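Below, each chain spelled out in residue letters.
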Amino acid sequence: MPSATPEPLTQPLAGGLPGACVEVHRFVCGRVRVPRERLAGSPSRLARLRGLGLWPGGERVAIPILAFAVRHPRAGWLLVDTGLHPAVRVDPRSNLGRLGALALGDPELAPGASAAERLRALGVEPQMVSVVILTHLHLDHVSAAGEFAHALFVLDRAEWDAAFAAGPLEGYVRAQFDLAFSWRTIDFTREPARSHATFGRTFDLFGDGSVVLVSTPGHSAGHLSVLLRARKRQVLVCGDAAGTYETLRSQAMPAIVHDRHLYERSLQELRLFAREYPQALLVPGHEPSFLAGPGDLAL
Ligand SMILES: [Zn+2]
């Protein structure tokens, strides 16, 4: 039995403000080294084992773990994904599990780089974060969830169900998210979920168009991306629906996806959005070049 029973989110959260724009900070909250097959590779059994880090050899690529701090003018501070937990600095297995620590080879979290520490550097105490949106529950996205006990956690219902039915081989470490916090789940097949821009299924979190959750399943059962209306442009937090810029450009598929057809369909939706809204900024979930940039980048 999960420690918490999530409540379905059937209407937007309070705090909406017509025409609101949000402030967006992209944080690099850790670096891991994953087998190249995690980013692109054939769907063979060997590629899958390599991708999981369970087969020796092969090349590893350093990728960032991202989180996004978002300030809404009325609803306050939100976080999209959580980055790596500070415990990873001392004992990666305690947070990521044995398999997870292996799969993420040498996870690194620099001093001051956790989401909570980066927020403090902006003058924001972690308990001021009112909502944490989770793109999905994979270990590298929900690692630091425990740092935000005061927040309301929002995710796709399908992801919650899938994560509790799966385990480390599917990328889930239950101890990271089986927390007695406040959880709200979204059913993208029901009202008030609707189409928005080029996307088939979305949920307008505050009902004002500033933070729109976009259903992009495939990488995991209930993956979502987040479309933010920032002052200068729209920012689309892709999550693992598109891991890198190369994913967005090419036909290369990661070796491990939950559902290849849904993954491709979601990716097509992201590409269509990029074409129709050329001013928008798409942010892939693990773009390696972000490691060369600043830890905190206002978008
Ligand atoms: Zn993932």
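To start, this report covers the structure provided alongside it. Keep in mind the model is a prediction, meaning the values are calculated, not measured.

1. Brief notes about unusual backbone geometry
Here the residue pair Glu 191 and Pro 192 is connected by a cis peptide bond, since its omega of 5 degrees sits within 30 degrees of zero. Here Pro 192 is to be found in the loop between strand E7 (182-186) and strand E8 (194-196). The phi angle at Asp 106 is positive, at roughly 55 degrees, despite the residue not being glycine. Counting through the fold element by element, Asp 106 comes out in the loop between helix H2 (92-103) and helix H3 (115-121). A positive phi angle is found at Ala 197, which is not glycine, with a value near 50 degrees. Within the fold, Ala 197 resides in the loop between E8 and strand E9 (199-204).

2. Focus on the coordination of the zinc ion
Distances from the zinc ion to its protein donors, His 136 (NE2), His 138 (ND1), His 219 (NE2) and Asp 240 (OD), fall at 2.1 to 2.3 Å. Taken together, the four donor atoms coordinating the zinc ion span angles of 88 to 178 degrees at the metal, a pattern that classifies the geometry as irregular. Written as a sequence motif, the donor arrangement for the zinc ion is H-x1-H-x80-H-x20-D. Placement of the pair is His 219 in the loop between strand E10 (211-215) and strand E11 (224-229) and Asp 240 in the loop between strand E12 (234-239) and helix H7 (245-249), with a sequence separation of 21 residues. Of the two residues, His 219 and Asp 240, both sit in the buried class.

3. A closer look at the packing of aromatic side chains
This structure, assessed with the given rule, holds nine aromatic pairs. With a centroid separation of 4.9 Å and 40 degrees between ring planes, the pair formed by Phe 153 and Trp 183 is classed as tilted. You can see Phe 153 sitting in strand E6 (residues 152-156) and its partner Trp 183 sitting in strand E7, a full 30 residues away along the chain. The burial state of Phe 153 is the same as that of Trp 183; both residues are buried. Where Tyr 172 meets Phe 177, the ring centres are 6.4 Å apart and the plane angle is 85 degrees; that geometry is what we call edge-to-face. Residue Tyr 172 is classed as buried on the basis of its relative accessible area, which comes to 5%. On the accessibility criterion, Phe 177 (0% relative accessible area) is buried. Ring pairs connect the aromatic residues Phe 153, Trp 160, Phe 164, Tyr 172, Phe 177, Phe 181 and Trp 183, which therefore count as one cluster. Residue placement shows Arg 26 over the ring face of Phe 290; its charged tip is 4.2 Å from the ring centre.

4. As for the nonpolar core
Counting 32 residues, the largest nonpolar core has Phe 68, Ile 133, Leu 205, Val 211, Leu 213, Val 226 and Leu 228 as the members making the most contacts within it. Mapped onto this core, the elements with two or more residues apiece are strand E2 (23-35), strand E3 (60-72), strand E4 (76-80), strand E5 (129-133), E6, E10, E11 and E12. In contact with Val 211, other than residues within four places in its own chain, are Val 22, Leu 78, Ile 133, Phe 203, Asp 204, Leu 205, Phe 206, Val 226, Leu 227 and Leu 228. One finds Ala 115, Ala 116, Ala 145 and Tyr 172 within the second-largest nonpolar core, a separate group that totals 29 residues.

5. Topic: empty space enclosed by the protein
Inspection of the entire model under this criterion finds one cavity of 30 Å³ or more. The space that makes up the largest cavity amounts to roughly 50 Å³. In terms of lining, the largest cavity is formed by Leu 66, Phe 68, Asp 81, Thr 135, His 141, Val 237, Gly 239, Gly 285 and His 286. Elements with a minimum of two residues in the lining of the largest cavity: E3 and E12. Split by residue class, the lining of the largest cavity holds three nonpolar, five polar and one charged.

6. Thoughts on the environment of Ala 158
Tracing the chain through its elements places Ala 158 in helix H5 (residues 157-165). For Ala 158 and Ser 220, which are 62 residues apart along the polypeptide, the C-alpha to C-alpha distance reads 9.2 Å.

About the thresholds
- Residues numbered from 1 in each chain as written.
- Predicted model: local features only at pLDDT ≥ 70, side-chain atom pairs only at ≥ 80, totals over all residues.
- Heavy atoms only, no water.
- Helix = DSSP H or I, 4+ residues; strand = E, 2+ residues; numbered from the N terminus.
- Donors = N, O, S within 2.8 Å, 3.2 Å for Na, K, Ca; no water.
- Tetrahedral: all angles 85-135°; square planar, octahedral: opposite > 155°, others 65-115°.
- Buried < 20%, exposed > 50% of the residue type's maximum accessible area, 1.4 Å probe, protein only.
- Phe/Tyr/Trp six-rings, centres within 6.5 Å; stacked < 30°, edge-to-face > 60°.
- Lys NZ or Arg CZ within 6 Å of the ring centre and 35° of its normal.
- Core = buried A, V, L, I, M, F, W, Y, C linked by side-chain atoms within 4.5 Å.
- Contact = heavy atoms within 4.5 Å.
- 1 Å grid on protein atoms, 1.4 Å probe; cavity = no way out; pocket = protein on both sides within 12 Å on 5 of 7 lines; lining within 4 Å.
- Points joined across faces, edges and corners; volume = space filled by probe spheres on them.
- Nonpolar A, V, L, I, M, F, W, Y, C, P; charged D, E, K, R; others polar.

None of this, on its own, says anything about what the molecule does.
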